[in-house]
Amino acid sequence: MTQLPCGHSCLVYFLATCAHCALFITFHISSSTFPAQSNTQLGRNLTLVKENMANIIRSPKSCGKWDNNELIAYSITVTAVPSQQFFPQGTDVPLTAAGLDPALATTDSYSADVSDSTHLFLAYLRYATTPFSDDRNIRVPKITDFARQLLITLGFKEHRYRVCRLEIPLLICDDIRKFAEISLGLQDLGSTEMVPLLQMNKTPIDRSNIEAHMISATIAAYQFNNNMWQEKGLHPLDAMTMPCVTMVGTRPTFYLVPVTKALSDAVISCQYPSARTEVLKCEVASDCKGGMEAPEYRLVALQYYVAFKSLAKSHWEKFIP
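Residues numbered from 1 in each chain as written. Predicted model: local features only at pLDDT ≥ 70, side-chain atom pairs only at ≥ 80, totals over all residues. Heavy atoms only, no water.

1. Digging into the sheet that holds strand β8 (residues 251-260)
Quick note on the threshold: The rule for pairing is simple: two strands pair if DSSP sees at least two bridges between them. What counts as a helix is a DSSP run of H or I of at least four residues, what counts as a strand is a run of E of at least two, and both are numbered from the N terminus. The convention used is that axes are lines fitted to C-alpha atoms, helices contributing only their stretch in contact, and that angles between N-to-C directions extend from 0 to 180 degrees. Any two residues whose heavy atoms approach within 4.5 Å at even a single point are treated as in contact.
An order of β3-β9-β8-β7-β6-β5-β4 is seen for the 7 strands of this open sheet, with the pairing classed as mixed. Among the strands making up the open sheet, the edge pair consists of β3 (76-80) and β4 (161-172). Taken over all neighbouring pairs, the strand axes of this sheet differ in orientation by 30 degrees on average, direction set aside. With respect to the sheet, helix α7 (residues 210-231) is in contact with β3, β4, β5 (175-188), β6 (197-202), β7 (239-248), β8 and β9 (277-283), its orientation differing from that of β7 by roughly 145 degrees. Packed onto the sheet, helix α8 (residues 261-269) meets β3, β4, β8 and β9 and runs at close to 90 degrees relative to β8.

Next comes the structure, spelled out in C-alpha cells:
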C-alpha cells in the first residue's frame, strides 16, 4: 500500500514472469473525487507508471510465443463489444439474402439430401467435431480444414484471393529470425500478394494465448503488407485495420485490430509505444454451450460470418489496391 501526498491510497501490484520480469501495474484510488491540489501529484504518479511500463524488459519472440505480457508490454488492450456495435449493418440477415443455402444451418451433418457444396461443408464440420482418441495436437488441422471450407463456402475466396496457411516474418527487437504461423489467411493472388484477413484456430483444451498469437500475427501482416507495397514502388501505409477471426473448436470470435506504424516501430525497436492500441472483439451471442455442430448455434455463427465478410472487405479495400 502506497500513500500519495494528497492523502489518497494507491495499490500497486507487480507480477513477474520468468526471467523477463514483465510488470503488470494496477492503481486503485480510494476516492472518486480529488481535491484540486492533488491533481499535480496524481499526474506525477501516472507518469511514473508510464515510465515503469516503458522499462519492462522485452525480448524477440515469434508470434506463437506471445502471451498477455507482450500485450501489456506494447500497450495493447482487447475490448469486447456487442454485435450491434461491432457490425453496424446488423447480423440478423437470412442466409438466402447472401446467396447461401439455408440447409447449411439447419441440416444434420449426416444428411445426404443436400447440394454437393453443402454436403462438403457438413462433412468437414462432422470431421472437426467428432471425438477422436488421438493426440490433441492432431485435432487442430481438423478444425483448420473445417474453417478453410467455411470461408470458401461463404465466399471469402473470391477470384483474386486464396485461403491458405501462412508463415510470414515478424521483425521484433531488430531480430529478423522471428515469424508468424497463421492457421488461415486470405492472400491476394494479384500483383500485391498482400494478406487482408487472418484466422487462428485452437482446440478447446489448448486455447491459451490465442488472442496474443493472433494480434502479434496482425503486426507481422502489417509489416509484410507494407513491404509488398514498397516492392511495387508504393508508399507504405501508416495504419491498417486487420480483420481477424479466432476459432476455438467450432466457436468463432471476430476482431478488428488497428495496427499502426507507431505500434510496428515499437515492436521493431522493443520500445513502449506512445499510444495505446485498442482491439475490438465480438463473440457470437448464443446460449448454446456447443459449437457449430448444434444447428441453433450454427445459424447465428453463419450470420455473423456473413456480416463479417462485408465488414472485413470494407477495411481491407482501404489497403489493398
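Additional details are given in the paragraphs that follow.
2. A few points about the packing of α7 against α8
Cut-off, in case you're wondering: Roughly parallel means an angle under 35 degrees; roughly antiparallel, over 145; roughly perpendicular, 65 to 115; everything else is oblique.
Relative orientation of the contacting elements α7 and α8 amounts to 105 degrees, with a least axis distance of 10 Å. Comparing their axes, α8 and α7 come out roughly perpendicular. Across from I219, Y222 and Q223 in α7, the residues of α8 making contact are K261, L263, S264, V267 and I268.

3. With respect to the confidence of the model for the protein
Close inspection of predicted coordinates is inappropriate for parts of the model with low pLDDT. What counts, and what does not: Residue-level confidence of the predictor is what pLDDT reports, using numbers from 0 through 100.
On average, the protein scores 83 in pLDDT, and the residues at 70 or more come to 79%. Predicted confidence is poor over residues 1-37, with pLDDT under 50, and the contacts of this stretch with residues over four places away or in other chains come to 63 contacts.

4. Some details on the pairing of β8
The line we're drawing: Working definition: with a 1.4 Å probe on protein chains only, accessible area under 20% of the residue-type maximum means buried, over 50% means exposed, and in between means partly exposed.
Counting buried positions along β8 yields 7 of 10 residues, so the element is predominantly enclosed. Pairing between β7 and β8: 10 bridges, direction antiparallel. In the strand pairing of β8, C244 is matched with Y255. Counted between consecutive antiparallel strands, the loop separating β7 from β8 contains 2 residues, among which G249 sits at a positive phi close to 65 degrees. Looking at chain direction, β8 and β9 are connected through 4 bridges and run antiparallel. By the bridge assignment for β9, T253 is matched with E283.

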